[in-house]
Amino acid sequence: VCPFYKKTTKDRHKINEICGNCHKKEIEDLLSGVHRNNLDCAYCHSNHGIKKANLDIIRPDRCSSCHNYPNIAPVRDEFRKAETILLATETYLSRYQQDIPEIYKKYSQKINLARDNMKSQRHRLLRSEISSNSNHILLLSGHIRKEVTTEIQKRKVKRLITSGIVVIIMLAITGVLYYLYQYYKWRRTLNKK
């Protein structure tokens, strides 16, 4: 759908301007990041196919011309860690979508926000933000697991109490019926005499 697909342009600012017509947030993030003067959209996404960028783009042959690569590799690792935790948390939370919809709704919004932040950080590539968001995702994952576990425990206790009450009521009804039956038998024996 991109009208500029497969057009070749050499001017980095022109490429960003063209892509920015539709991808305003992404361009805003790129231009507020550390690569604003060095990279354009086509560097990661290609102007001959508009590919989805992935973390494999952060590698020695691409980053070593400007950076000491061992200093950059942890950025990729931090993104991978955050993505892995986020995916595992989404999977965990989706198991309880039917059983605990209020918790699912509450945290799925927070997960989406964390995912959006990560997307912005991929365009800005500010290492401190990446680490901060990765830690935030780790904490969020812990909160979700703790709250789901607590809710499950509450529901188990509630079921146990409900079952106990039902058993007590059944025993009480059985006891009353037994005594009514005994009373009825006693009255019959009295009537015979």
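Rules behind the numbers
- Residues numbered from 1 in each chain as written.
- Predicted model: local features only at pLDDT ≥ 70, side-chain atom pairs only at ≥ 80, totals over all residues.
- Heavy atoms only, no water.
- Core = buried A, V, L, I, M, F, W, Y, C linked by side-chain atoms within 4.5 Å.
- Buried < 20%, exposed > 50% of the residue type's maximum accessible area, 1.4 Å probe, protein only.
- Helix = DSSP H or I, 4+ residues; strand = E, 2+ residues; numbered from the N terminus.
- Contact = heavy atoms within 4.5 Å.
- Polar contact = N/O pair within 3.5 Å; in protein donor to acceptor, adjacent residues only side chain to side chain.

Undergrad: Explain the nonpolar core to me, and be specific about the residues and the numbers.
TA: Counting 26 residues, the largest nonpolar core has Ile58, Leu93, Ile137, Ile144 and Val148 as its most contacted members. Only α5 (69-94), α6 (101-124) and α7 (127-192) provide two or more residues apiece to this core. It is α5 that contributes the most residues to this core, 10 residues altogether. Dropping the residues within four chain positions of it, Ile144 is found in contact with Thr89, Tyr92, Leu93, Tyr107 and Ile111. Core analysis: the second largest hydrophobic core is formed by 5 residues, Ile15, Ile27, Leu30 and Ala42 among them.

Undergrad: A description of the environment of Glu147 should follow, citing residues and the corresponding values.
TA: If you trace the backbone, Glu147 turns up in helix α7. The exposure class assigned to Glu147 is partly exposed, which follows from its relative accessible area of 25%. Along the chain, Glu147 and Ile103 lie 44 residues apart, while their C-alpha atoms are 8.0 Å from each other. For Glu147, the residues in contact, after removing those within four places along its chain, are Ile103, Lys106 and Tyr107. Here Tyr107 takes part through its side chain, which lies 2.6 Å from a polar atom of the side chain of Glu147.

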